[in-house]
Amino acid sequence: MAVQKVRFAEKLAEIVQAMPRLAELLGHTRALGARHSGYGVRAADYRTVEDALLAALAAVLGDSFDAPTREAWAIAYNLVAETMLEGAASARPIRSI
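Rules behind the numbers
Think of each chain on its own: its residues are numbered from 1, step by step along the sequence as written. Two thresholds apply to this predicted model, a pLDDT of at least 70 for residue-level local features and 80 or more for giving and counting side-chain atom pairs, whereas whole-chain, interface and lining totals are computed over all residues. Excluded from the side-chain calculations are hydrogens and water; all other atoms, namely the structure's heavy atoms, are used. Strands here mean DSSP runs of E at least two residues long; helices mean DSSP runs of H or I at least four residues long; both are numbered from the N terminus. Buried residues are those whose accessible area, probed at 1.4 Å on protein chains only, stays under 20% of the maximum for their type, while exposed residues exceed 50% and partly exposed ones sit between those limits. For this analysis, residues touch if any pair of their heavy atoms sits within 4.5 Å. The accessible surface values rely on the Shrake-Rupley method and a 1.4 Å probe; as for residues, cover is taken only from the protein chains in view. Note that His is not counted, nor are the chain ends; the positive residues are Lys and Arg, and the negative ones are Asp and Glu. All charge positions are set by atom: Lys at NZ, Arg at CZ, Asp at CG, Glu at CD. To form a nonpolar core, buried Ala, Val, Leu, Ile, Met, Phe, Trp, Tyr and Cys residues must be joined to one another through side-chain atoms within 4.5 Å. Multiplying 1.5 Å by the helix residue count minus one yields the expected span of that helix. Directions are taken from the helix axis to each C-beta atom, and the arc is the one they span.

Caption draft 1: Just the overall build of the protein chain, in detail. Looking only at helices and strands, the protein chain features 4 helices and 0 strands. In the protein chain, the succession of helices and strands from N to C terminus is α-α-α-α. Of all 97 residues assigned to the protein chain, the portion counted as buried reaches 22%. The long-range share in the protein chain, meaning contacts at least 24 apart out of those at least 6 apart in sequence, stands at 67%. As displayed, the protein chain has an accessible area near 6800 Å², and 62% of this comes from carbon and sulfur atoms. Separation between the mean location of the 11 positive side-chain charges and that of the 11 negative ones in the protein chain comes to 10 Å.

The following block contains the structure:
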């Protein structure tokens, strides 16, 4: 779990740095979502991660984590989560009927 915490922090930093290059960011997060699909990550897990991320930011930033800052982080996270879910969906095999 300690390794996963470090990897998560590194990926979060990469995503934040890529924000000005939206096309690159979206490609990166789609590929990340495809990989996470293979790890067994489910759509519901993204909400859990969002809640944990926002709580951690609030704890670290304290009073600096005001409503506009929270909203900005939530919007950014949702963009990342949505494109990761797109990548996960494209990585799943199509079931025939």
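Caption draft 2: Spatial organisation of the nonpolar core. Counting residues in each nonpolar core, the largest one holds 14 residues, and the members touching the most others are Ile-15, Tyr-46, Tyr-77 and Met-84. At the level of secondary structure, the elements contributing two or more residues to this core comprise helix H1 (2-18), helix H2 (22-38), helix H3 (43-61) and helix H4 (67-91). Broken down by element, this core gets its largest block of residues, 5 residues, from H4.

Caption draft 3: Molecular detail of H2. Compared with an ideal rise of 1.5 Å per residue, which puts 17 residues at 24 Å, H2 spans 25 Å between its outermost C-alpha atoms and is within 8% of the ideal. Considered for burial, the residues of H2 that qualify are Leu-25, Leu-26, Thr-29, Leu-32 and Gly-33. Projected onto a plane normal to the axis of H2, the buried residues spread over an arc of 130° and lie on a single side. Exposed residues on H2 whose side chains face more than 90 degrees from its buried face are Ala-23 and Gly-38. Residues of H2 that are buried make contact with H1, H3 and H4.

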